[in-house]
Amino acid sequence: MQSKDLVQLAEQFGSPLYVYDAEKIQSQYNRLTKAFSKVDKLRINYAMKALSNVAILQLLREMGSGLDTVSIQEVLLGLHAGYEPEKIFYTPNGVSLEEIEEVTAMGVQINIDNLSILEQFGTKYPNVPVCIRINPHVMAGGNANISVGHIDSKFGISVHQLPHLVRIVENTKMNIVGIHMHTGSDILDIEVFLYAAEILFDAAKNFKNLEFLDFGSGFKVPYKKDDIETDIEELGKKLSKRFNAFCVEYGKELTLIFEPGKFLVSEAGFFLAKVNVVKQTTSTVFAGIDSGFNHLIRPMFYGSQHHIENISHPKGKERFYSVVGYICETDTFANNRKIAEIKEGDILCFRNAGAYCFSMASNYNSRYKPAEVLWLSGEGHLIRAHETFEDLLKNQIPLPVSAATV
Ligand SMILES: *Cc1c(COP(=O)(O)O)cnc(C)c1O
């Protein structure tokens, strides 16, 4: 999709606005399946916490994707979007046994990531097929907040605890059908990923009934021009070969699973916001927009650098700006960023706004969450309406007047 389409959508639906390009989601999905075309049984489970709008879930379901969920509410949304329970994986961290039992009853594939719950669950339900999340203790790279496979991480069962794990499985006679790892976001080094995969293969040999191996995700996508990204094609070539060899060794054709979030939706997303005010100070020029970290928290939360363009006047002379939001505390999207000269009223476009943007939005400062639009076959479809004052009041219970006045 082109900048002029985005400008038109901002006029039509107002700002701030999230826009997602269906074609880009499709092409990323196809790129991944193509890279692993040598694997007979490949399954992609979209990690829906990245972007959980039901229309996006429907779109991915149509492409043949399964779903990776981390909460019972995500499971409910997935079922609502028409996914069959068998197509949904549930990969939570630190949830209660009760929640796991509820999800099991829905027919969803559960993934257990600690020995305590594994033992309790196995004792109660020896026949339910279970996947185990292993922590291979491999640091795949990237931001410390999103790296989850390293030694201090709270995720997964340490690979060093395998003897204990195997004992629990033998004692309870539970049915282990899959092994899973997710080393976190931003894999830069394929060799490190392959090394972690070897640890998973080794662990897999302890279980006789496996049906799949789940390699998680963490594919890095480019955020700016010439940015490094995970070489999916290279990973596909190397891991497919190794995976197929492992299946021969194991004596059974297993399913290879990935559960990408960011890779599928990050680049498909655009966040559009209007410049309310251009403010010259002694140190910089601020461009203040009609949004804040309540709508897009990644720059403040992770220090993410979203590329920003002035799509209203893309041809202007480039100048340096600090792009800031309206939240009443530090709320910076970008410092010293070169952007085509900004006039008040211009629409700025933030790239890579598909993953972990709307899904992390809040009502902080009592602002409404923005609308979402899906760009499909050359047309903008509203897939979430802009919030209204009623949404802010929903579920709030005011005191009776007499109590409020004491
Ligand atoms: C968040 C998450 C993913 C997706 O990670 P991305 O970096 O967005 O691809 C996959 N698996 C699990 C278990 C997750 O928690």
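Remember, predicted model here, so these are calculated numbers, not experimental data.

The rules behind the values
- Residues numbered from 1 in each chain as written.
- Predicted model: local features only at pLDDT ≥ 70, side-chain atom pairs only at ≥ 80, totals over all residues.
- Heavy atoms only, no water.
- Domains from an automatic or database assignment.
- Buried area = accessible area lost by both parts, 1.4 Å probe.
- Salt bridge = Lys/Arg side-chain N within 4 Å of Asp/Glu carboxyl O.
- Polar contact = N/O pair within 3.5 Å; in protein donor to acceptor, adjacent residues only side chain to side chain.
- Helix = DSSP H or I, 4+ residues; strand = E, 2+ residues; numbered from the N terminus.
- Nonpolar A, V, L, I, M, F, W, Y, C, P; charged D, E, K, R; others polar.
- Disulfide = S-S within 2.5 Å.
- Contact = heavy atoms within 4.5 Å.
- Buried < 20%, exposed > 50% of the residue type's maximum accessible area, 1.4 Å probe, protein only.
- Pairing = 2+ DSSP bridges.
- Right-handed = clockwise from strand over helix to strand, strands pointing away.
- Arc of directions from axis to C-beta.

J.: Talk me through the domain arrangement of the protein chain; I want residue IDs and the actual numbers.
T.: Assigned domains of the protein chain: these are domain 1 (22-265) and domain 2 (269-353 + 370-388). The gap between the C-alpha centroids of domain 1 and domain 2 is 34 Å. Roughly 1,100 Å² of surface becomes buried between domain 1 and domain 2 when both sides are summed, with 50% attributable to carbon and sulfur atoms. The interface formed by domain 1 and domain 2 contains 0 salt bridges. Between the two partners, domain 1 and domain 2, sit 5 residue pairs in polar contact (both at pLDDT 80 or more). If you list the elements that add at least two residues to the side of domain 1 that touches domain 2, you get α3 (54-63) and α10 (262-265). Among the elements that line the side of domain 1 that touches domain 2, the one with the most residues is α3, at 3 residues. Class assignment for the residues of the side of domain 1 that touches domain 2 results in 10 nonpolar, 3 polar and 1 charged.

J.: Lay out the state of the cysteines in plain terms, naming residues and giving numbers.
T.: Taken as a whole and judged by the stated rule, the model has 0 disulfides. Cysteine 131 provides the cysteine sulfur closest to cysteine 247, a residue in no disulfide bond, and the two sulfurs are 15 Å apart. The cysteine cysteine 349 is free of any disulfide, with cysteine 357 supplying the nearest cysteine sulfur at 11 Å.

J.: For the side chain of threonine 69, give the residues involved together with the corresponding values.
T.: When you line up the elements, threonine 69 lands in strand β3 (residues 66-69). From its side chain, threonine 69 meets the backbone oxygen of phenylalanine 89 in a polar contact 2.7 Å long. Each residue touching threonine 69, except ones within four places of it in the same chain, is listed here: Met48, Glu74, Val75, Ile88, Phe89, Tyr90, Thr91 and Pro92.

J.: I'd like a description of the pairing of strand β6 (residues 129-135), backed by residues and values.
T.: Successive side chains on a regular strand alternate, one facing one side of the sheet and the next facing the other. Extensive coverage of β6 is indicated by the burial of 6 of its 7 residues. Inspection of the sheet shows strand β5 (residues 109-112) paired to β6 by 3 bridges, in the parallel sense. Across the sheet, residue isoleucine 112 finds its bridge partner in β6, namely isoleucine 132. Chirality of the crossover, the property in question, places the unit of β5, helix α6 (residues 115-124) and β6 among those that are right-handed. Bridge count between β6 and strand β7 (residues 157-158): 2 bridges; the pairing is parallel. Looking across to β7, one finds that asparagine 135 is bridged to serine 158.

J.: Describe helix α7 (residues 162-172), listing the residues and the values that go with them.
T.: For α7, the full list of buried residues reads Leu162, Leu165, Val166, Ile168, Val169 and Thr172. One side of α7 carries all its buried residues, which in axial view fall inside an arc of 155°. Facing away from the buried side of α7 by more than 90 degrees, the exposed set consists of Pro163, Arg167, Glu170 and Asn171. Looking at the packing, one finds that the buried side of α7 touches α6, β6, β7, β8 (175-180) and α8 (190-204). Taken from the residues just after α7, lysine 173 is the one with a positive phi, measuring 55°.

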